[in-house]
Every structure is written in C-alpha cells, then in structure tokens.
Amino acid sequence: MSADDPRGLSADSLLVALSRPREPGAPVNAPLVLSSTFRAGGEVGYARDGNPGWSDLEHALGVLEGGHALAFASGMAAASALLETLPPDALVVASRVAYHGVHVLLREREAAGRLRVRAVDTLDAEATATACAGADLLWLETPTNPLLGVADVVRLAAAAHARGALVVVDSTLATPLRQRPLELGADLVLHSATKYLGGHADLMAGAVAGPTELLDRVEATSRLTGSVLDPFAAFLLSRSLRTLPLRVQRQNENGRAVAEALAGHAAVESVHYPGRGGAEQEEIAARQMRGRGGMVTIAVRGGGAGAKRFLHRLQLVHPAASLGGVESLASVPRETSHTHLSEADLKSRGISEGLVRLSLGIEDTEDLIRDLRHALDAT
Ligand SMILES: *Cc1c(COP(=O)(O)O)cnc(C)c1O
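The model shown is predicted, which means the values in this text are computed figures rather than measured ones.

In this structure, what is going on with the site of the ligand? I would like to understand it.
Within the structure, the ligand sits among 13 residues, and Met76, Asp170, Ser192, Thr194 and Lys195 are positioned closest to it. Here a nitrogen atom of the ligand and a side-chain polar atom of Asp170 are 2.6 Å apart. In the model, an oxygen atom of the ligand is placed 2.7 Å from a nitrogen or oxygen of the Lys195 side chain. Burial of the ligand by the surrounding chains reaches 96%, relative to a free accessible area of 380 Å². By residue class, the composition of the shell around the ligand is 5 nonpolar, 5 polar and 3 charged.

Following this line, the structure appears as structure tokens:
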C-alpha cells in the first residue's frame, strides 16, 4: 500500500519508472523474488505477508486510483476478501447484472446465511437509492456488462452514504485511466487486473483501492486466507502497466470507431457502447468517464444462429471469453459470461440470443472494421 508519488510524476511517467532500481550496476528491471521465506530480522518473514514485487505495483495502482491499493491473486479473490470484511447478515445492494462470478458469489453467501442481497437496476438511480435503506454496502459495476450502461456514481454514492452504506465500484471495464471512482465518491474500487491492467491474456490478478482505514481489514483477510498475488504474476503485471496508457488509448479509439462503423450495418439490430443509451446516459458518461473504453456489444440479426455464424466468420478477432487484452475478442454472453441466469432473467435484462460482446484490442482500426463487416455480411 502507498499514497501519492513523492516525485510528483504523472501517471504515464510513474508507470514507466515503476520498479527501476537506481544504484550503479543495478538491473533496469527489479528482480523477480521467488522465495517463500526470508531470513529472520527483516520486515517480511513469510511470502503470504509480502513480496518485493507487490510494493511498486500497489504504489502505482494506488496513485492511478487516487488512494492506496492492494494486489490480489485474481479479481474474484479481491471481491471475496471485500465481502468477507462485512458484518454477519450484512445487506448488500447489487446490480442485477453484476459480473457473473460476483453475482454467483453473492447468491452463495446469501444461501449460506452469511449476507442478504437486494438486486437492483443500478441505471435506475431512484430505485437504487431507495434500495440502499438499511444497507451496509452498495456494489456498483460501471460500465455494466454486457450492455455497457453507465451507472451515475456521484449520485448513487451520495444516496448510499446518506443511508449509511459503503460504496464499492467494480471499475474493471473502465480502467483507472477512463474513470476514477474514488474521486466520484466511492469508498473502494475493485479491478480484475486479469483484464486491461494485465492486458496480454497471460496472467490472473486483482486489486482493491481506497483509503487505508478500509483497506487494512481487507489486507488482513487477504493475508490470512492466502488470496495474495503470485510473485511471477506481479512481475508480469508491473511489466504490463508500463504500456497501459498506450494500450488503453488505442483500445478506446478502436472501441469508438467500431461502435460507429457497425451502427449502420444491415445485420446489426443495435449497438451498445457507454453513453449510447440516450441523452441521460450520454450526460453521465461524459461527466464521469474520460473516453468510453474498448468494449462494444452488438445485437446481431438472426438470433443465436446469426451470432454463431458471425463468430465463425471472424478471422482477426478471436472468439473467446474475457476482455481487455491486446487481441480483439468476441463472445456471446449467453454462452460464456452469463450462463448462470435463467431464460426469464436473461430476457428481462435484455441479454438476447444474438448479443455479441466485443473487446477491441490494439490492432489496426481499419483491419478490425473490415474483419467485423466481412463476418457480418455473412449473417
Ligand atoms: C473478470 C472480472 C471479474 C473477476 O476477475 P478475475 O480476475 O477473473 O477473478 C470481476 N469483475 C469484472 C467486471 C470482470 O470482468
């Protein structure tokens, strides 16, 4: 955990300077420390309590989010450590379309009598505010998955705080470069660093950022239960963070270009992209995001069969789950990320059979649009 950068560097420079030892003869990259135990008398004695690879990483993530940060073995490890800190029988208000792992985790904790869950549509600020009465925690995810709606963090955080609830924002889809939830009033921010922060589909990691008062208990849980980040994954993640601003900028440009290019295609029924869902959504997105990100979801004509034909014809874009990597991916939420929902739930949440979620990578924009158009022409 760490706060402001003492050198006053901007995020881009800080990420490049990360883990660069300064002594003459030192390697330019900080060495990977693979040791489960350390000689007695030092600050850390055992690997569950610390690794030199975490500190720079946590410092960088803390500065990016405007708080302190903790690294975890995965996004889900971070989410479960957070929920673990809640008092028995706590009431959690959460989106009806949260990330499927989080959704199932909340349901299971509820079934086990550990928590109570109140599901809401977080794009309906009025209903969400009302649901926060008596709640301990409001769990937001914005942009939402897979329809990329934008929840109004400023308004919802104020409403939750007025009713005594803490606010967590899962900001995985936005990255700290597109939105800074702590500045918008959230108490804690969660990331699956497996996605944009890692960015190369080669590691699993998670992070939580916020003030130390709240993080101390999350840290104690994480150290106790061993949901800590593997040193090699920490090394890879530090390496990835150096290029985060460049990657995210290109992914953002590709997201915007693809959303525009596919909107008029005859085989596309609708295009979902942060801010596209009407004037109010545009106003919230413009206010709380800097750029709209690299995710675009489209409804393809011809339902499930149309979506399958589309995926099958793609040559540059890989048909695969997950998101945020340098390579563009396409997935059908009904078959990958939202398999836990019943048919009625899928319908009521607008997750239709022809829905395809695209995670745009850093390939050339025109190549991507050509590939997507060519595959759509066949449906
Ligand atoms: C992937 C993801 C998670 C879970 O993270 P893992 O690293 O896969 O454990 C949580 N929230 C969102 C929005 C995600 O996309």
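What exactly am I supposed to notice about the pairing of strand β3 (residues 115-120) here?
Sheet faces and side chains relate simply in a regular strand, where the side chains alternate between the two faces. The sheet contact formed by strand β2 (residues 90-95) and β3 spans 6 bridges and is parallel. When the bridges of β3 are listed, Ala90 appears paired with Leu115. The β-α-β motif built from β2, the intervening helix α4 (residues 100-111) and the parallel element β3 has right-handed crossover chirality.

Looking at this structure, I do not really get the nonpolar core. What am I missing?
Within soluble globular proteins, side chains that are nonpolar generally end up buried alongside one another. Leu57, Leu61, Leu197, Leu229, Leu237, Leu241 and Leu244 are the most contacted members of the largest nonpolar core, which totals 32 residues. Among the secondary structure elements, those contributing two or more residues to this core are α2 (52-65), β1 (68-72), β7 (206-210), α9 (231-241) and α10 (244-263). Shared between two domains, this core takes at least three residues from each, and those domains are domain 1 (11-241) and domain 2 (244-378).

What's the story with the domain arrangement of the protein chain in this structure? I'm lost.
Put simply, an interface is often sized by how much accessible area is lost when its parts join up. Domain annotation for the protein chain reports domain 1 (11-241) and domain 2 (244-378). With 40 residues of domain 1 at the interface, the matching set in domain 2 holds 44 residues. Put simply, domain 1 and domain 2 have 1 salt bridge between them. The closest approach of N and O atoms between Asp152 and Arg287, which form a salt bridge, is 3.0 Å. Put simply, domain 1 and domain 2 have 13 residue pairs in polar contact (both at pLDDT 80 or more) between them. At the level of secondary structure, the elements contributing two or more residues to the side of domain 1 that touches domain 2 comprise α1 (11-17), α4, α6 (153-162), α7 (175-178) and α9. Among the elements that make up the side of domain 1 that touches domain 2, the one with the highest residue count is α7 (4 residues). Taken together, the residues of the side of domain 1 that touches domain 2 break down into 22 nonpolar, 11 polar and 7 charged.

How should I be thinking about the packing of aromatic side chains in this particular structure?
For any pair of aromatic rings, the description rests on two quantities: the centre-to-centre distance and the angle between the ring planes. The final tally for this structure, using the stated rule, is 1 aromatic pair. Ring centres 6.5 Å apart and planes at 10 degrees place the aromatic pair Phe232 and Phe235 in the stacked group. Residue Phe232 and its partner Phe235 are both found in helix α9; the two are separated by 3 residues, about one turn of the helix. According to the relative accessible area criterion, Phe232 is partly exposed, its value standing at 44%.

I tried to follow the side chain of Ser192 on my own but got confused; where do I start?
Among the structural elements, Ser192 can be located in strand β6 (residues 188-192). Among residues more than four places away in sequence, those in contact with Ser192 are Gly75, Thr172 and Ala205.

Explain the pairing of β1 here, please?
The element β1 is largely enclosed, with a buried count of 5 among its 5 residues. Residues His68, Leu70 and Phe72 line one face of β1 and the alternating positions Ala69 and Ala71 line the opposite face, and both faces are buried. Of the strand pairs in this sheet, β1 and β7 are connected by 5 bridges, and their pairing is antiparallel. Looking at β7, one finds that His68 is bridged to Gly210.

Just to check I follow, could you spell out unusual backbone geometry for this structure?
Omega for the peptide link from Thr142 to Pro143 comes to -5 degrees, which places this bond in the cis form. Mapped onto the fold, Pro143 is located in the loop between β4 (137-141) and α6. The omega torsion of the bond from Asn145 to Pro146 falls at 5 degrees, within 30 degrees of zero and hence cis. Backbone geometry at Asp89 places phi at a positive 70 degrees, although glycine is not the residue there.

For this particular structure, what's the right way to read the layout of surface pockets?
Left-over empty space is what a probe sized like a water molecule reveals as it rolls over the atoms. The computed volume of the largest pocket comes to approximately 330 Å³. Around the largest pocket sit 21 residues that line it, and Leu123, Thr144, Leu147, Gly149 and Arg349 are the ones nearest its centre. Residue classes in the lining of the largest pocket are distributed as 8 nonpolar, 9 polar and 4 charged.

Analysis parameters
Residues numbered from 1 in each chain as written. Predicted model: local features only at pLDDT ≥ 70, side-chain atom pairs only at ≥ 80, totals over all residues. Heavy atoms only, no water. Near = heavy atom within 4 Å. Polar contact = N/O pair within 3.5 Å; in protein donor to acceptor, adjacent residues only side chain to side chain. Areas by Shrake-Rupley, 256 points an atom, 1.4 Å probe, with all protein chains shown as cover. Nonpolar A, V, L, I, M, F, W, Y, C, P; charged D, E, K, R; others polar. Pairing = 2+ DSSP bridges. Helix = DSSP H or I, 4+ residues; strand = E, 2+ residues; numbered from the N terminus. Right-handed = clockwise from strand over helix to strand, strands pointing away. Core = buried A, V, L, I, M, F, W, Y, C linked by side-chain atoms within 4.5 Å. Buried < 20%, exposed > 50% of the residue type's maximum accessible area, 1.4 Å probe, protein only. Domains from an automatic or database assignment. Contact = heavy atoms within 4.5 Å. Salt bridge = Lys/Arg side-chain N within 4 Å of Asp/Glu carboxyl O. Phe/Tyr/Trp six-rings, centres within 6.5 Å; stacked < 30°, edge-to-face > 60°. 1 Å grid on protein atoms, 1.4 Å probe; cavity = no way out; pocket = protein on both sides within 12 Å on 5 of 7 lines; lining within 4 Å. Points joined across faces, edges and corners; volume = space filled by probe spheres on them.

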